[in-house]
Amino acid sequence: MRPFAMPDLDYHNPYSSARSPVMGRNLVACSQPLAAQAGVEMLRRGGNAVDAAVAAAMVLTVVEPTGCGIGSDAFAIVWDGEKVQGLNASGRAPRGWTPEYFAGQSAMPARGWGAVTVPGAVSAWVALAQRYGKLPLTTLAAPAIHYARDGFLLTPVIAELWRRGAEQLKDQPGFAACFLANGVPRAGTLVRLPDHARTLEAIAESNGAAFYQGELAQAMARHAREHGAVLDEEDLRAHRADWIDTLSVPFAGAVVHELPPNGQGIATLAGLGILEAAGIGADPVDSPATLHRSIEAMKLGLADLYQHVTDSAHMRVQAEHLLDPAYLRERAGLVGSRAGDPGYGAPRPGGTVCLSAADESGMMISFIQSNYMGFGSGVVVPGTGISLQNRGAGFTLAPDHVNSVAPGKRPFHTIIPGFAMNADGTPLMAFGLMGGPMQAQGHLQLMLRILKYRQNPQAAADAPRWRLEGGRRVAVESSLDPATLEALRALGHEVTVEEPSGVFAFGGAQIIQRVAGGYVGGSDPRKDGLVAGY
């Protein structure tokens, strides 16, 4: 690992959890301790950060099925020692998803087979392991297979999310047989998922071929037909994960990277670019002035996001144009002294899990996978444990909108990995923040705290967050200072106060930052998370 210099971090943590940041030459930051330890096990067995991430991701489908499954989608950003490389493994709409197929419906289905696009997470595991990994997929899958077959103790956070999901999804095809065989499991229950174990074995032994071309693909397509859906063997066989370049903006002496559309990372970059143009940083990090400007900048980024972003192959405005410095300066001019309700601009041409891992060779990865909305579609393919995402809900049925549904098209996606580089081209940070529409907003808040105000990753994860609700409405966590709340209201913000009630409200961050001699990591207290390493 090449040494480098950067300003000292502030290791004081003024926030409620008072967790200590974790340091080591090898780290895995994950939302579930068993998954984090599986990643460390791969590192100790001679694997690298990518091996650790894939092993942890597979375990998460077992121990945190409320947020992800074998039928998830996934994205990643990797520093491979030479460059930042992105991976888009999100699935596409079935070929049969024509506008006529949804005729008579006012909105895209949110649950059931009508919301299922081709699942892509398995292709992400395979692509990452084949390109960067040092260990075979059978080795990486072993911890997940063990927990699925022999059991794991359910944590309180996941038990509560399981209970909520069961209320909504118990009647979806295959859900009860898989997840409610013995009723709703309580915290501390030993949970076994034997079908899940057999499916992971088939995936690992075939390097993913069984999932997209073999018996598992046939089982998914057969179950779809039985329930009137159109996803078929050809849709699965045609799936591919794409290696892509990232988008980036300079911020606070570093460079922040996100993946290009179909994800929402571009809104983070736009918000940071607007803040940089507006000269953020003169006031304390938790002051009303800093919060006001951050909220207003994020509104502008999200306004453009929801108007312009879809599958990159279908964008009418190039992503780079949304991040043009002159355009962002123009947008920064809209940040006024009071809360606004901005619309989108017109640039001129010119329930989820995330994890981070880093090893002593310098390799770093930010990885995220999700079923969306907690258990996703609710559909589980009988006898397989394949719990399918509902990413089709990210489309719109408005025929003239850029994100309208179409065959073979990727939907707008909420899940985004994040990465930051030093100005000298060395890697700085792999990070993520799960939580639906909170993610782009959370990325901005983390980068502001760590890069501009030099908070350490754990303090940045613990800090109170805000979440835009539309218009001038903003929700904030109850740990924010009451005087600050009143100051925001005086500026015209319509503020509501919420208790931190889990990942879906204010997100769950997993952060690993490079420091001299190794890494420092933070894991969000709103989840069961852990930073493990050595």
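Cut-offs and rules
Residues numbered from 1 in each chain as written. Predicted model: local features only at pLDDT ≥ 70, side-chain atom pairs only at ≥ 80, totals over all residues. Heavy atoms only, no water. Helix = DSSP H or I, 4+ residues; strand = E, 2+ residues; numbered from the N terminus. Buried < 20%, exposed > 50% of the residue type's maximum accessible area, 1.4 Å probe, protein only. Areas by Shrake-Rupley, 256 points an atom, 1.4 Å probe, with all protein chains shown as cover. Lys, Arg positive; Asp, Glu negative; His and termini not counted. Charge placed at Lys NZ, Arg CZ, Asp CG, Glu CD. Contact = heavy atoms within 4.5 Å. Pairing = 2+ DSSP bridges. Axes fitted to C-alpha atoms, helices over the stretch in contact; angles between N-to-C directions. Parallel < 35°, antiparallel > 145°, perpendicular 65-115°, else oblique. Nonpolar A, V, L, I, M, F, W, Y, C, P; charged D, E, K, R; others polar. Salt bridge = Lys/Arg side-chain N within 4 Å of Asp/Glu carboxyl O. Arc of directions from axis to C-beta. Polar contact = N/O pair within 3.5 Å; in protein donor to acceptor, adjacent residues only side chain to side chain. Core = buried A, V, L, I, M, F, W, Y, C linked by side-chain atoms within 4.5 Å.

- If you check an unreviewed UniProt entry, the protein chain appears there as Gamma-glutamyltransferase from Pseudomonas oryzihabitans.

A short note on the overall build of the protein chain
Part 1 of the argument: Each helix and strand in the protein chain was counted, giving 18 helices and 21 strands.
Part 2 of the argument: Dimensions along the principal axes, computed over C-alpha positions, put the protein chain at roughly 60 × 55 × 45 Å.
Part 3 of the argument: Burial status across the protein chain gives 63% buried among its 534 residues.
Part 4 of the argument: Element-wise, carbon and sulfur atoms account for 51% of the exposed surface of the protein chain, whose accessible area totals about 18,300 Å².
Part 5 of the argument: Once the 43 positive and 49 negative side-chain charges of the protein chain are each reduced to a mean point, those two points are 0 Å apart.

A word on the environment of Ala461
Part 1 of the argument: Its location among the elements puts Ala461 in helix α16 (residues 457-462).
Part 2 of the argument: Classification of Ala461 as buried rests on a relative accessible area of 0%.
Part 3 of the argument: C-alpha of Ala461 to C-alpha of Gly442: the two residues are 19 residues apart in sequence and 9.5 Å apart in space.
Part 4 of the argument: Sequence-distant contacts of Ala461, that is, excluding residues within four places in its chain, are made with Leu446, Ala509, Ile511, Ser523, Asp524, Pro525 and Arg526.

Comments concerning the sheet that holds strand β1 (residues 22-24)
Part 1 of the argument: Taken in spatial order, the seven strands of this open sheet run β1-β20-β19-β15-β14-β9-β8, and their pairing is antiparallel. Both edges of this open sheet fall to β1 and β8 (247-251), since each of them pairs with a single strand only. Taken pair by pair, the neighbouring strands of this sheet meet at an average axis angle of 20 degrees, ignoring direction.
Part 2 of the argument: The pairing of strand β9 (residues 254-258) with strand β14 (residues 417-422) spans four bridges and is antiparallel. Following the sheet pairing, His257 is matched in β14 by Phe419.
Part 3 of the argument: Running over the sheet, helix α11 (residues 265-278) touches β8 and β9 and is turned about 25 degrees from β8.
Part 4 of the argument: Against the sheet, helix α15 (residues 438-452) engages β8, β9, β14, β15 (427-434) and β19 (508-515), with an angle of about 145 degrees to β15.

Section: the packing of α11 against helix α14 (residues 325-332)
Part 1 of the argument: Put simply, α11 and α14 touch, their axes get as near as 8 Å, and they point 70 degrees apart. The pairing of α11 with α14 is recorded here as roughly perpendicular in orientation. On the side of α11, the interface is formed by Ala270, Gly273, Ile274, Ala277 and Ala278, while α14 contributes Leu328, Arg329, Arg331 and Ala332.
Part 2 of the argument: Among the residues making up the contact of α11 with α14, the classes are represented as six nonpolar, one polar and two charged.

A short note on the sheet that holds strand β11 (residues 364-370)
Part 1 of the argument: The strand order across the open sheet formed by seven strands is β7-β4-β3-β11-β10-β2-β21, and the pairing between neighbours is antiparallel. Since the sheet does not close on itself, it has two edges, and those belong to β7 (242-244) and β21 (530-533), each with one partner. Going across the sheet, the axis of each strand differs from the next one's by a mean of 15 degrees, ignoring polarity.
Part 2 of the argument: Alignment of strand β4 (residues 84-88) against β7, held across three bridges, turns out to be antiparallel.

Focus: the pattern of salt bridges
Any two side chains of opposite charge can pair, so long as their charged atoms come close to each other.
Part 1 of the argument: One pass over the structure, following the stated rule, counts 27 salt bridges.
Part 2 of the argument: Between Arg45 and Glu41 there is a salt bridge whose closest N-O contact spans 3.6 Å.
Part 3 of the argument: Owing to a relative accessible area of 35%, Glu41 belongs among the partly exposed residues under this scheme.
Part 4 of the argument: Among the ionic pairs, Glu498 bridges to Arg467, the shortest N-O distance being 2.8 Å. Placement of Glu498 in strand β18 (residues 494-498) and of Arg467 in strand β16 (residues 466-470) is noted, with a sequence separation of 31 residues between them.
Part 5 of the argument: Residue classification places Glu498 among the partly exposed residues on the basis of a relative accessible area of 23%.
Part 6 of the argument: Several salt bridges share partner residues, and in doing so they unite Arg92, Arg240, Asp242 and Arg410 into one network.

Here's the deal with the pairing of β4
Part 1 of the argument: By the criterion of burial, β4 is predominantly enclosed, with five of the five residues buried.
Part 2 of the argument: Of the two faces of β4, the one carrying Val84, Gly86 and Asn88 and the one carrying Gln85 and Leu87 are both buried.
Part 3 of the argument: In the sheet, strand β3 (residues 73-79) pairs with β4 via five bridges, with the strands oriented antiparallel. Looking at β4, one finds that Ala76 is bridged to Leu87.
Part 4 of the argument: Turn length for the β3-β4 hairpin, with the two strands adjacent in sequence and antiparallel, is four residues, and the turn residue Gly81 shows positive phi of about 105 degrees.

Regarding the environment of Val230
Part 1 of the argument: If you trace the backbone, Val230 turns up in the loop between α9 (215-226) and α10 (233-237).
Part 2 of the argument: Note on Val230: relative accessible area 27%, which makes it partly exposed.
Part 3 of the argument: Once the C-alpha coordinates of Val230 and Trp113 are considered, the two residues, 117 residues apart in sequence, prove to be 8.8 Å apart.
Part 4 of the argument: When sequence neighbours within four positions are dropped, the list of residues in contact with Val230 reads Pro94, Gly96, Trp97, Tyr101 and Asp235.

Some words on α14
Part 1 of the argument: Within the span of α14, buried status applies to Tyr327, Leu328, Arg331 and Ala332. Buried residues of α14 fall within an arc of 145 degrees about the axis and therefore sit on the same side.
Part 2 of the argument: Where α14 is buried, its residues contact α11, α12 (288-308) and α13 (319-322).
Part 3 of the argument: Measuring from the side-chain oxygen of the N-cap residue of α14 to the backbone nitrogen of Ala326 gives 3.0 Å; that N-cap residue is Asp324.

A look at the pairing of strand β2 (residues 27-30)
Two faces belong to every sheet, and in a regular strand the side chains alternate between them.
Part 1 of the argument: Across the two faces of β2 the burial is the same, with Leu27 and Ala29 and Val28 and Cys30 all buried.
Part 2 of the argument: Here β2 runs beside strand β10 (residues 352-358); their pairing, made up of four bridges, is antiparallel. Across the sheet, Ala29 pairs through a bridge with Ser356, a residue of β10.
Part 3 of the argument: Examined bridge by bridge, β2 and β21 share four bridges and lie antiparallel to one another. Bridged to Val28 within β21 is Ala532.

Looking at the nonpolar core
Part 1 of the argument: Val62, Trp125, Leu128, Phe211, Ile365 and Phe367 are the most contacted members of the largest nonpolar core, which has 90 residues in total.
Part 2 of the argument: At 13 residues, the largest contribution of residues to this core is made by helix α2 (residues 49-63).
Part 3 of the argument: Non-local contacts of Trp125, meaning those with residues more than four positions away in its chain, are made with Val54, Ala57, Met58, Thr61, Ile70, Leu137, Leu200, Phe367 and Gln369.
Part 4 of the argument: Of all hydrophobic cores here, the second largest spans 63 residues; its members include Ala270, Leu275, Ile450 and Leu468.

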